Amino acid sequence: MTAPVFDEIIHAPNRLQICAMLSAVESAEFSVLRETLAVSDSVLSKHVKVLQTEGYVEVTKTSGKAARSTWIALTAEGRQALAGHLAELHRLSDLANVDGG
């Protein structure tokens, strides 16, 4: 079981969504993340850069005949950090007793 750890890097809403989406796949194309989050290229780039600097994501650029593509993948460290952050959110939710039970 992953230890609950609040991660301020992941906690920002867009970064949390990026990590959650990437956790379900091997990698995702930049444009798919941008469209799913409904943000501009620059906003997504800034969030990806923060995650990349922390070692949570890996960025790969490919070029084909038609166009270049940028792919983002969650690293093992990023997966562990996300799991710890989600565990902490669950722990906090249980403390708050938000379901009234």
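Structure first, text after, so check above.
Residues numbered from 1 in each chain as written. Predicted model: local features only at pLDDT ≥ 70, side-chain atom pairs only at ≥ 80, totals over all residues. Heavy atoms only, no water.

A.B. asks: Account for the overall build of the protein chain, with residues named and values stated.
C.D. replies: Along its length, the protein chain carries 5 helices and 3 strands. Taken from the N to the C terminus, the helices and strands of the protein chain come in the order α-α-β-α-α-β-β-α. For the protein chain, the spread of C-alpha atoms along the three principal axes comes to 55 × 25 × 20 Å. Across the 101 residues of the protein chain, 32% fall into the buried class. Pairs at least 24 residues apart make up 56% of the contacts formed inside the protein chain by residues separated by at least 6 positions. Split by element, the accessible area of the protein chain, about 6,400 Å² in all, is 54% carbon and sulfur. (Helix = DSSP H or I, 4+ residues; strand = E, 2+ residues; numbered from the N terminus. Buried < 20%, exposed > 50% of the residue type's maximum accessible area, 1.4 Å probe, protein only. Contact = heavy atoms within 4.5 Å. Areas by Shrake-Rupley, 256 points an atom, 1.4 Å probe, with all protein chains shown as cover.)

A.B. asks: Go over the packing of helix 3 (residues 30–37) against helix 4 (residues 41–54) with me, naming the residues and quoting the values.
C.D. replies: At a closest axis distance of 10 Å, the pairing of helix 3 and helix 4 adopts a crossing angle of 110 degrees. What the angle tells us is that helix 3 and helix 4 run roughly perpendicular. The hand of the helix 3/helix 4 crossing is right-handed. The segment helix 3 lies against helix 4, with F30, L33, R34 and L37 engaging D41, L44 and S45. Its residues assigned to classes, the contact of helix 3 with helix 4 shows 4 nonpolar, 1 polar and 2 charged. (Axes fitted to C-alpha atoms, helices over the stretch in contact; angles between N-to-C directions. Parallel < 35°, antiparallel > 145°, perpendicular 65-115°, else oblique. Left-handed = near helix turned anticlockwise from the far one by under 90°. Nonpolar A, V, L, I, M, F, W, Y, C, P; charged D, E, K, R; others polar.)

A.B. asks: Tell me about the side chain of T70, residues and numbers included.
C.D. replies: Relative to the elements of secondary structure, T70 occurs in strand 3 (residues 68–74). Other than its neighbours up to four places away in sequence, T70 contacts A28, E29, F30, V59, T60 and K61.

A.B. asks: Can you break down helix 5 (residues 76–96) residue by residue, with the values?
C.D. replies: Between its first and last C-alpha, helix 5 extends 30 Å over 21 residues, near the 30 Å set by a 1.5 Å rise per residue. For helix 5, the set of buried residues is G78, A81, L82, G84, H85, A87 and E88. Among the structural elements, helix 1 (8–11), helix 2 (13–23) and strand 3 are those in contact with the buried residues of helix 5. N97 occupies a position one or two residues after helix 5 and carries a positive phi of about 50 degrees. (Expected span 1.5 Å × (residues − 1).)

A.B. asks: Outline the environment of Q52, supporting the account with residue identities and numerical values.
C.D. replies: Mapped onto the secondary structure, Q52 falls in helix 4. Along the backbone, Q52 and A76 are 24 residues apart, and their C-alpha atoms lie at a distance of 12 Å.

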